[in-house]
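# Results of the structural survey
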Amino acid sequence: MSAAIEVMRHHRSIRKFTEQPLSAEQREAIMASAQAASSSSFLQASAVIRITDPELRAKVMALCGDQAYIGTAAEFWVFCADFHRHLQWVPEARTGFAEQLLIGAIDTALMGQNAMTAAESLGLGGVFIGAVRNQPHALCELLALPRGVVPLFGLCLGYPAQDPEPKPRLPASLMFVENRYPARFDDARMQGYDEQVRQYYRTRTGGNKEMTWTGQIGETLVKEARPFMLEFLREQGFCLR
Ligand SMILES: Cc1cc2nc3c(=O)[nH]c(=O)nc-3n(C[C@H](O)[C@H](O)[C@H](O)COP(=O)(O)O)c2cc1C
């Protein structure tokens, strides 16, 4: 269909990398692609911190559940929602609205996905790291993130040293609907998808992981996720009104 669609449809997270670094040209192309993403009201409400200091990278990795690929990826970037920069030049700007968190999160996520796709189109691979939100106070201190800035996710990038199969996604009919939200999604389609996911994990782990999609969602969503988040967001000047 198109080279861009090929790249996007072949996406899979990469968690093992070779030691080969990215060239400055590759890095700049990825950054330019990220910046080319659309931006709500042209606010460009994002900041990206590239962690090049090995000692700092090790400390950040420790704050992110010690996920080894944060240390071994050629690049590790922390994507943040940022309304601090606006206040530098427009001090009368009113911030703290919940809506602005959404704007910052959406703008930044669009940039992150552009970066991932650009990297993949160059034969690189990567994985997003939500674990940057595990200990956000400590991370803000390490990276000197001021009030008005919230770390949202990290991105590991590098040359892949593994070639996993793409993970099967929900059948399109369980995600894309026409005109109105359905009273109920099709249970039979979901059972079929659960079976597909079970097979995917069996193959990927050599039979060591037995898990369906609904099983995984059940395990994830019964836990309280990062209960400190609302307070942290408020401390950083978000969601005050
Ligand atoms: C915002 C976000 C945060 C994520 N955080 C992590 C993470 O901390 N560690 C990790 O190994 N994978 C993380 N992932 C990767 C997801 O697990 C992965 O995208 C999902 O399982 C689908 O697999 P795929 O990317 O290979 O298609 C994250 C993905 C997103 C979008």
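The protein chain has the name Nitroreductase A in an unreviewed UniProt entry, where Oceanisphaera psychrotolerans is given as its organism. Under the Sequence similarities (unreviewed entry) heading, UniProt states for the protein chain: "Belongs to the flavin oxidoreductase frp family."

### Brief notes about the overall build of the protein chain
Across its full length, the protein chain carries 10 helices and four strands. Moving toward the C terminus, one meets the helices and strands of the protein chain in the order α-α-β-α-α-β-α-α-β-α-β-α-α-α. Its C-alpha atoms give the protein chain a radius of gyration of 19 Å, within 12% of the compact-globule value 18 Å for 241 residues. By its C-alpha atoms, the protein chain is 55 × 50 × 35 Å across when sized along the principal axes. Relative to its full complement of 241 residues, the protein chain shows a buried share of 38%. For the protein chain, the accessible surface area stands at approximately 14300 Å², while carbon and sulfur atoms represent 55% of it.

### Observations concerning the site of the ligand
Surrounding the ligand, one finds 13 residues, the nearest of these being His11, Ser13, Gln67, Tyr69 and Lys167. For the ligand, a nitrogen atom lies 2.7 Å from a polar atom in the side chain of Gln67. For the ligand, whose accessible area on its own is 620 Å², the fraction buried by protein is 67%. The element that contributes the greatest number of residues to the shell around the ligand is strand E3 (residues 125-129), accounting for three residues.

### Some words on the side chain of Glu120
Take Glu120: it is sitting in helix H6 (residues 98-121). Among buried Asp, Glu, Lys and Arg side chains, Glu120 stands out as unpaired, with Arg12 the closest opposite charge at 5.7 Å. Of the polar contacts made by the side chain of Glu120, one reaches the side chain of His11; its length is 2.7 Å. Residues in contact with Glu120, not counting those within four places in the same chain, are Val7, His11 and Arg12.

### Observations regarding the UniProt feature "domain: Nitroreductase" (unreviewed entry) in the protein chain
According to UniProt, the feature "domain: Nitroreductase" (unreviewed entry) maps to residues 9-159 in the numbering used here. Along residues 9-159 the backbone is 43% helical and 19% strand, and the end-to-end C-alpha distance reaches 19 Å.

### Points about the domain arrangement of the protein chain
It is common to report an interface's size as the accessible area lost on association of the parts. For the protein chain, the assigned domains read domain 1 (3-165 + 224-235) and domain 2 (172-210). Distance from the C-alpha centre of domain 1 to the C-alpha centre of domain 2: 28 Å.

### Structural notes on the pairing of E3
Burial within E3 is extensive, with four of its five residues counted as buried. Bridge count between E3 and strand E4 (residues 149-158): five bridges; the pairing is antiparallel. Of the residues in E4, the one forming a bridge with Gly126 is Leu157.

### Overview of the pairing of strand E2 (residues 75-82)
When you tally the buried positions in E2, you get eight out of eight residues, the bulk of the element. Side chains Glu75, Trp77, Phe79 and Ala81 of E2 all project onto a buried face; the interleaved residues Phe76, Val78, Cys80 and Asp82 project onto the opposite face, where all are buried too. In terms of strand pairing, strand E1 (residues 46-50) meets E2 through five bridges, oriented antiparallel. For Ala47, the partnering residue across the bridge sits in E2 and is Cys80. Direction of pairing for E2 relative to E4: antiparallel, over a ladder of eight bridges. By the bridge assignment, Val78 is partnered in E4 with Gly154.

### A few points about the packing of aromatic side chains
Tallied over the entire structure, the rule returns seven aromatic pairs. Measuring from ring centre to ring centre gives 5.2 Å for Tyr200 and Tyr201, while their planes differ by 65 degrees; the resulting arrangement is edge-to-face. Here the two residues Tyr200 and Tyr201 agree in accessibility, since each one is buried. When the ring centre of Tyr201 is taken as origin, the NZ or CZ atom of Lys209, which lies over that ring, is 4.1 Å away. Over the face of the ring belonging to Phe97 we find Arg241, whose NZ or CZ atom lies 4.5 Å from the ring centre.

### Topic: a positive patch on the surface
Side chains of Arg15, Lys16, Lys167, Arg169, Arg204 and Lys209 sit close together on the surface and give a patch of like positive charge. Judged by its relative accessible area of 42%, Arg204 is partly exposed.

How each quantity is defined
- Residues numbered from 1 in each chain as written.
- Predicted model: local features only at pLDDT ≥ 70, side-chain atom pairs only at ≥ 80, totals over all residues.
- Heavy atoms only, no water.
- UniProt positions renumbered as here; feature names shortened; annotations may be inferred.
- Helix = DSSP H or I, 4+ residues; strand = E, 2+ residues; numbered from the N terminus.
- Rg over C-alpha atoms; globule rule 2.2 N^0.38 Å.
- Buried < 20%, exposed > 50% of the residue type's maximum accessible area, 1.4 Å probe, protein only.
- Areas by Shrake-Rupley, 256 points an atom, 1.4 Å probe, with all protein chains shown as cover.
- Near = heavy atom within 4 Å.
- Polar contact = N/O pair within 3.5 Å; in protein donor to acceptor, adjacent residues only side chain to side chain.
- Lys, Arg positive; Asp, Glu negative; His and termini not counted.
- Salt bridge = Lys/Arg side-chain N within 4 Å of Asp/Glu carboxyl O.
- Contact = heavy atoms within 4.5 Å.
- Domains from an automatic or database assignment.
- Pairing = 2+ DSSP bridges.
- Phe/Tyr/Trp six-rings, centres within 6.5 Å; stacked < 30°, edge-to-face > 60°.
- Lys NZ or Arg CZ within 6 Å of the ring centre and 35° of its normal.
- Patch = residues over 30% accessible without salt bridge, like charges linked within 9 Å, V, L, I, M, F, W, Y side chains within 5 Å.
- Charge placed at Lys NZ, Arg CZ, Asp CG, Glu CD.

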